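Here are the chains, one letter per residue:
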Amino acid sequence: SVMTEDIIKEENLRDDLRYYFMSPCEKYRARRHIPWKLGVQILKIVMITTQLILFGLNNQLVVSYKEENTMALKNLFLKDYSGVDEDDYSVAVYTQHGVYDSLFYVLDQYSQLGRLSVGPISYAEDEDDKLLPLIICKEYYKRGSVEPSDESYDIDAQLETVCMSHEPKTANQWKIQNSSFFDLDFYRLVDLKITFQLKGINLQTVRSLELPDCYSFYVTITFDNQCHSGKVKIFLDIDTQSCACRDWKISGTAVLCTRSIILAVRLLQRFSRFLHENYNRKVCEDDQGEFLNGWYVLVIVSDLLAIIGSILKMEIQAKSLTSYDVCSIFLGTSTLMVWVGVIRYLGYFQKYNVLILTMKAAFPKVLRFCCCAGMIYLGYTFCGWIVLGPYHEKFEGLSRVAECLFSLLNGDDMFTTFAQLKDKNTLVWLFSRAYLYSFISLFIYMVLSLFIALITDAYETIKNYQKEGFPLTDLQKFLREQKDVAEESSQTDVHIRQPVFCCCQRY
């Protein structure tokens, strides 16, 4: 009969929905369906984590090589370098004699590089196998005279740049022939830059039976006199380009999860059609969220990142790319998502599921709360940067202010932040006390307390639901219903599937 067919369709839909929301173990017991996604997920965790560890070890060698070369070049080219940078610069000089000594020291050391360096590093060559020259550029005001005793000055603010170059190994000759170039007018001098290119080989990879990596070092040494304060800061910056590594791996969970998402959309369409035809209702947002599983999206994204990272790793090993940092970001993010994806399977156990449900319930409230608190945090960030920036090293830049305030918010480094403020300006010192005390009091005693209260409230709500029962949605009510159609099916000789093993109790 028509009624029996409707009941059969309803039971088929109910069974399909129950089966879809089962755990992997229940699916295997119900229909002997092997949990391929779980198996591939475990295999993927092992493969990606192993690949990440191997790549991380290799990347550490690359980073250490770059850092040690930077330190070696600073000791080679900077006169009186102590081994530790002074603030954001490497060395500072305070006399004209000091500037000339440091400048000529760079030229002399560069000319003797082959005899001085203990590492495999040398001058760079062009396509015609000719050594690339060292370039010196000085930037100065077009015209200017200053008389501090008379409190008078005459400055043309337009800047001019004059550059000269010389071949390696000819420093002494070159200094004599171009002596007028080194006649510096310090009242007009803004900065002086020395640039050159070097080549190096990282032989560490030979021990692991890999091809050595080749590097190009673009070195810039800057004598900064922009402040004209009597202190010339000397910077040494290095831009490094390199090559190295290889491996290929593609995971299959993305395909399986894509298939599950397609199945979920089809089931959602069937359930929506059933509710509309029988109850003239639409599927609520909570039920729609049950079908559109975010865990599957997470797995797909992690697999795509792993594939991209593996391709980059192959290209790096083939010496076609040098993007170590980009590759590490893709592989690292992929590994993070893979391990986070394991939480989905822990959610089938009631004790672990409490934590997952608490995070899920608290997340919208926490997000809205953070948006409000973030406005106050940004206000304090800008205020601290403007007022305290000139007097405190932790407030010199916006990013540093944000980091400092975040440390204070977590109760870290409080006394040092108070003590390091220069007390030469009494007004700023008083403002800093009011600023820091108000921020610490507001965020630690109020904002953090409210933040914890939101999560605690969500946890208590979930615990009460577990004792008294969760509110049932239309989908959950439908899955709990069981129509008795055995008698009608025997009369019409129609075989009806019996409901499969009950759905996993997630809540």
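Reading the values: rules and limits
Residues numbered from 1 in each chain as written. Predicted model: local features only at pLDDT ≥ 70, side-chain atom pairs only at ≥ 80, totals over all residues. Heavy atoms only, no water. Helix = DSSP H or I, 4+ residues; strand = E, 2+ residues; numbered from the N terminus. Buried < 20%, exposed > 50% of the residue type's maximum accessible area, 1.4 Å probe, protein only. Pairing = 2+ DSSP bridges. Patch = residues over 30% accessible without salt bridge, like charges linked within 9 Å, V, L, I, M, F, W, Y side chains within 5 Å. Areas by Shrake-Rupley, 256 points an atom, 1.4 Å probe, with all protein chains shown as cover. Salt bridge = Lys/Arg side-chain N within 4 Å of Asp/Glu carboxyl O. Axes fitted to C-alpha atoms, helices over the stretch in contact; angles between N-to-C directions. Parallel < 35°, antiparallel > 145°, perpendicular 65-115°, else oblique. Left-handed = near helix turned anticlockwise from the far one by under 90°. Contact = heavy atoms within 4.5 Å. Nonpolar A, V, L, I, M, F, W, Y, C, P; charged D, E, K, R; others polar. Phe/Tyr/Trp six-rings, centres within 6.5 Å; stacked < 30°, edge-to-face > 60°. Disulfide = S-S within 2.5 Å. Core = buried A, V, L, I, M, F, W, Y, C linked by side-chain atoms within 4.5 Å. pLDDT = per-residue confidence, 0-100. Expected span 1.5 Å × (residues − 1). Arc of directions from axis to C-beta.

Trainee: Describe the overall build of the protein chain, naming the residues involved and giving the relevant values.
Mentor: Broken down by element type, the protein chain carries 17 helices and 7 strands. Per-residue burial for the protein chain yields a buried fraction of 38% across its 507 residues.

Trainee: Could you give an account of the pairing of strand S5 (residues 189-202), naming the residues involved and the relevant values?
Mentor: For S5, a buried count of 10 out of 14 residues is recorded, marking the element as mostly surrounded by other parts of the structure. Bridge count for strand S2 (residues 121-123) against S5 is 3 bridges, and the pairing is antiparallel. In the sheet register, Ser 122 faces S5, and the bridge partner there is Lys 199. Sheet topology note: the S5/strand S6 (residues 213-224) ladder contains 12 bridges and is antiparallel. In the sheet register, Leu 192 faces S6, and the bridge partner there is Phe 223.

Trainee: Give a detailed account of a nonpolar patch on the surface, specifying residues and quantitative values.
Mentor: On the surface, Met 375, Ile 376, Leu 378, Phe 382, Trp 385, Ile 386 and Leu 398 cluster together into a nonpolar patch covering about 660 Å² of accessible area. Per-element tally for the nonpolar patch: the top contributor is helix H12 (residues 350-388), with 6 residues. Tracing the backbone through its elements, the reader meets Met 375 in helix H12. Under the relative-accessibility criterion, Met 375 is labelled exposed at 56%.

Trainee: Hey, could you go over the packing of helix H13 (residues 398-409) against helix H15 (residues 426-468) for me, with residue numbers and the actual values?
Mentor: In contact at an axis separation of 9 Å, H13 and H15 are set at 55° when each is read in the N-to-C sense. One element, H13, and the other, H15, form an angle in the oblique class. Relative to H15, H13 is oriented so that their crossing is right-handed. Packed against H13, whose contacting residues are Val 401, Leu 405, Leu 408 and Leu 409, the element H15 presents Tyr 435, Leu 436, Phe 439, Phe 443, Ile 444 and Leu 448 at the interface. In the contact of H13 with H15, the residues fall into 10 nonpolar, no polar and no charged.

Trainee: Break down the packing of aromatic side chains for me, with residues and values.
Mentor: One pass over the full model with this rule turns up 19 aromatic pairs. When the ring of Tyr 215 is compared with that of Phe 217, the centres are 6.2 Å apart and the planes differ by 15°; the resulting orientation is stacked. A ring pair is formed by Phe 431 and Tyr 435, whose centres lie 6.1 Å apart and whose planes are at 25°; its orientation type is stacked. Here the residue Phe 431 and the residue Tyr 435 both occupy positions in helix H15, the gap between them amounting to 4 residues, near one helical turn. The rings of Tyr 377, Tyr 380, Phe 395, Phe 431, Tyr 435, Phe 439 and Phe 443 are connected pair by pair, giving a single aromatic cluster.

Trainee: Describe in detail the state of the cysteines, supporting the description with residues and values.
Mentor: Overall, the coordinates contain 1 disulfide when judged by the stated rule. Two residues, Cys 137 and Cys 163, share a disulfide whose sulfurs are 1.9 Å apart. Sign of the S-S torsion, about 115° for the bond between Cys 137 and Cys 163, identifies this disulfide as right-handed. A residue pair is termed long-range when its members are at least 10 positions apart, and Cys 137 in strand S3 (residues 134-147) and Cys 163 in strand S4 (residues 152-166) qualify at 26 residues.

Trainee: So what about the nonpolar core? Which residues, and what values?
Mentor: Nonpolar side chains in soluble globular proteins tend to be buried together. Phe 77, Ile 136, Ile 194, Phe 196, Leu 198, Ile 221 and Phe 223 are the most contacted members of the largest nonpolar core, which totals 44 residues. Not counting residues up to four positions away in its chain, the partners in contact with Ile 221 are Phe 77, Leu 78, Val 106, Leu 192, Lys 193, Ile 194, Phe 196, Ile 234, Phe 235 and Leu 236. Phe 369, Ala 373, Val 401 and Val 447 belong to the second largest nonpolar core, which has 20 residues in total.

Trainee: So what's going on with the side chain of Ser 302? Which residues, and what values?
Mentor: Along the chain, the position of Ser 302 falls in helix H9 (residues 294-317). Relative accessible area serves as the criterion here: at 1%, Ser 302 is assigned to the buried category. The contacts of Ser 302, once residues within four sequence positions are left out, are Lys 44, Ser 334, Met 337 and Val 338.

Trainee: Please provide a residue-by-residue account of the confidence of the model for the protein chain, values included.
Mentor: The share of residues in the protein chain with pLDDT of 70 or more is 70%, and the mean pLDDT across the chain is 76. Per-element confidence in the protein chain is highest for H13, whose mean pLDDT is 91, and lowest for helix H17 (residues 486-492), whose mean pLDDT is 37. This model gives residues 244-252 a pLDDT under 50, and the stretch forms 39 contacts once residues within four places in sequence are excluded. Below pLDDT 50 for its whole length, residues 483-507 participates in 53 contacts with residues either more than four positions away or in separate chains.

Trainee: Before we move on, could you go through unusual backbone geometry and cite the residues and values that matter?
Mentor: Residues other than glycine seldom take positive phi values, yet Asp 80 does so here, at roughly 65°. Position of Asp 80 among the secondary structure elements: in the loop between helix H3 (36-77) and strand S1 (91-93). Phi at Asp 413 takes a positive value of approximately 60°, unusual for a residue other than glycine. Within the fold, Asp 413 resides in the loop between H13 and helix H14 (414-419).

Trainee: Summarise the pairing of strand S7 (residues 232-241); cite the residues concerned and give the values.
Mentor: Across 3 bridges, the pairing between S1 and S7 is antiparallel. Directly across from Val 91, in S7, lies its bridge partner Ile 234.

Trainee: Tell me what's going on with H13, and back it up with residues and numbers.
Mentor: Quick reminder: α-helices carry 3.6 residues per turn. Residues three or four places apart thus point the same way. Given a rise of 1.5 Å per residue, 12 residues ought to cover 16 Å, and the 16 Å separating the end C-alpha atoms of H13 matches this to within 8%. Buried within H13 we find Val 401, Cys 404, Leu 405, Leu 408 and Leu 409. The buried residues of H13 all sit within an arc of 140° when viewed along its axis, so they share a single face. In H13, the exposed residues that point more than 90 degrees away from the buried face are Glu 403 and Phe 406.

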